[in-house]
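In case you want the letters, here they are:
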Amino acid sequence: MGARGRVREGTAAAQRNRRAGVRGCGEDRRLGAAELGEDLGARATLVQFSSAFCAPCRATRRVLGEVARMVPGVAHVEVDAEARLDLVRELGILRTPTVLVLDADGRVVRRAAGQPRRADVIAALGEAL
């Protein structure tokens with residue numbers, strides 16, 4: 001990537017990314033049924049933060065649902081970002097859709113914003129399983 005595309009460590013964007021956990025498994029935060037409103041999957045959980053008028057959220061819902069049905073022990077939980085602003089702020093969710101991949105203990109192992117591809121979701125699940 002060219003010099004313009006790189007995010008330097010000291011920039012505000014790099015600091016936001018570190019706080020938001022964009023680099024992968026930097027967060028030690030655990031989420032459970034109390035925060036999400038649904039039980040976690042036995043092996044992993046795909047948590048999707050969505051908003052009502054978000055077209056990519058609908059496509060993300062389909063992809064995550066398909067992957068959860070394909071992989072035993074994986075659950076898909078959708079969280080309405082507008083209804084859970086407390087959790088959105090706590091986790092630093094900046095846009096919808098945002099997807100968190102949780103391991104069996106509810107620890108955030110991967111995070112991504114935007115509409116994911118099925119192959120990317122499956123690869124991210126590999127870190128949680």
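Residues numbered from 1 in each chain as written. Predicted model: local features only at pLDDT ≥ 70, side-chain atom pairs only at ≥ 80, totals over all residues. Heavy atoms only, no water.

Draft legend 1. Highlighting the sheet that holds strand 3 (residues 98-103). Taken together, 4 strands build an open sheet; the order of strands is 2-1-3-4 and the sheet is mixed. Every interior strand has two partners, whereas the edge strands, strand 2 (74-80) and strand 4 (108-113), have only one. Shown here is a sheet whose adjacent strand axes are inclined to one another by a mean of 20°, direction ignored. For strand 1 (residues 44-50) and strand 3, the ladder comprises 6 bridges, and the chain directions are antiparallel. Looking at strand 3, one finds that Leu 46 is bridged to Val 101. Strand contacts of helix 3 (residues 55-70): strand 1, strand 2 and strand 3, with the helix running at about 170° to strand 1, the strand carrying the most contacts. Strands in contact with helix 5 (residues 118-128) are strand 1, strand 2, strand 3 and strand 4; relative to strand 3, the strand with the most contacts, it is inclined by about 35°. (Pairing = 2+ DSSP bridges. Helix = DSSP H or I, 4+ residues; strand = E, 2+ residues; numbered from the N terminus. Axes fitted to C-alpha atoms, helices over the stretch in contact; angles between N-to-C directions. Contact = heavy atoms within 4.5 Å.)

Draft legend 2. Representation of the nonpolar core in the model. Ranked by size, the top nonpolar core spans 15 residues in total, and within it Leu 46, Val 67, Val 74, Val 101, Val 121 and Leu 125 carry the most contacts. Counting residues per element, the ones that place at least two in this core are strand 1, helix 3, strand 3 and helix 5. With near-sequence residues (within four places) excluded, Val 101 lies in contact with Thr 45, Leu 46, Arg 107, Val 108, Val 109, Arg 110, Ala 124, Leu 125 and Ala 128. Counting 14 residues, the second-largest nonpolar core is a separate cluster that includes Phe 49, Ala 81, Ile 93 and Leu 100. (Core = buried A, V, L, I, M, F, W, Y, C linked by side-chain atoms within 4.5 Å. Buried < 20%, exposed > 50% of the residue type's maximum accessible area, 1.4 Å probe, protein only.)

Draft legend 3. The arrangement of the pattern of salt bridges in detail. Using the criterion set out here, one finds 7 salt bridges in the structure. For Arg 110, the salt bridge is made with Glu 127, and the minimal N-O distance between the two is 3.3 Å. Of this pair, Arg 110 sits in strand 4 while Glu 127 sits in helix 5, and the two are 17 residues apart along the sequence. (Salt bridge = Lys/Arg side-chain N within 4 Å of Asp/Glu carboxyl O.)

Draft legend 4. Up close: the side chain of Arg 111. For Arg 111, the position within the fold is in strand 4. At 3.0 Å, the side chain of Arg 111 forms a polar contact with the backbone oxygen of Leu 91. Within the structure, the side chain of Arg 111 is placed 3.1 Å from the backbone oxygen of Gly 92, a separation counted as a polar contact. (Polar contact = N/O pair within 3.5 Å; in protein donor to acceptor, adjacent residues only side chain to side chain.)

Draft legend 5. Broad picture of helix 5. Along helix 5, the residues that are buried comprise Val 121, Ala 124, Leu 125 and Ala 128. Axial view of helix 5: buried residues confined to an arc of 110°, hence all on one face. Relative to its buried face, helix 5 has exposed residues pointing more than 90 degrees away, namely Ala 119 and Ala 123. Contacts from the buried residues of helix 5 go to strand 1, helix 3, strand 2, strand 3 and strand 4. (Arc of directions from axis to C-beta.)

Draft legend 6. How the structure looks around the pairing of strand 4. Across 5 bridges, strand 3 lies against strand 4 in antiparallel orientation. Following the sheet pairing, Val 101 is matched in strand 4 by Arg 110. The antiparallel hairpin formed by strand 3 and strand 4 contains 4 residues in its connecting segment, where Gly 106 sits at a positive phi of about 85°.

Draft legend 7. Highlighting the pairing of strand 1. Burial of strand 1 is extensive: 7 of the 7 residues sit out of reach of the surface. Alternating positions in strand 1 separate into two faces, Ala 44, Leu 46, Gln 48 and Ser 50 on one and Thr 45, Val 47 and Phe 49 on the other, with burial throughout. As judged from the 7 bridges shared by strand 1 and strand 2, these two strands associate in the parallel manner. By the bridge assignment, Ser 50 is partnered in strand 2 with Asp 80. The parallel pair strand 1 and strand 2, bridged by helix 3, forms a crossover whose chirality is right-handed. (Right-handed = clockwise from strand over helix to strand, strands pointing away.)

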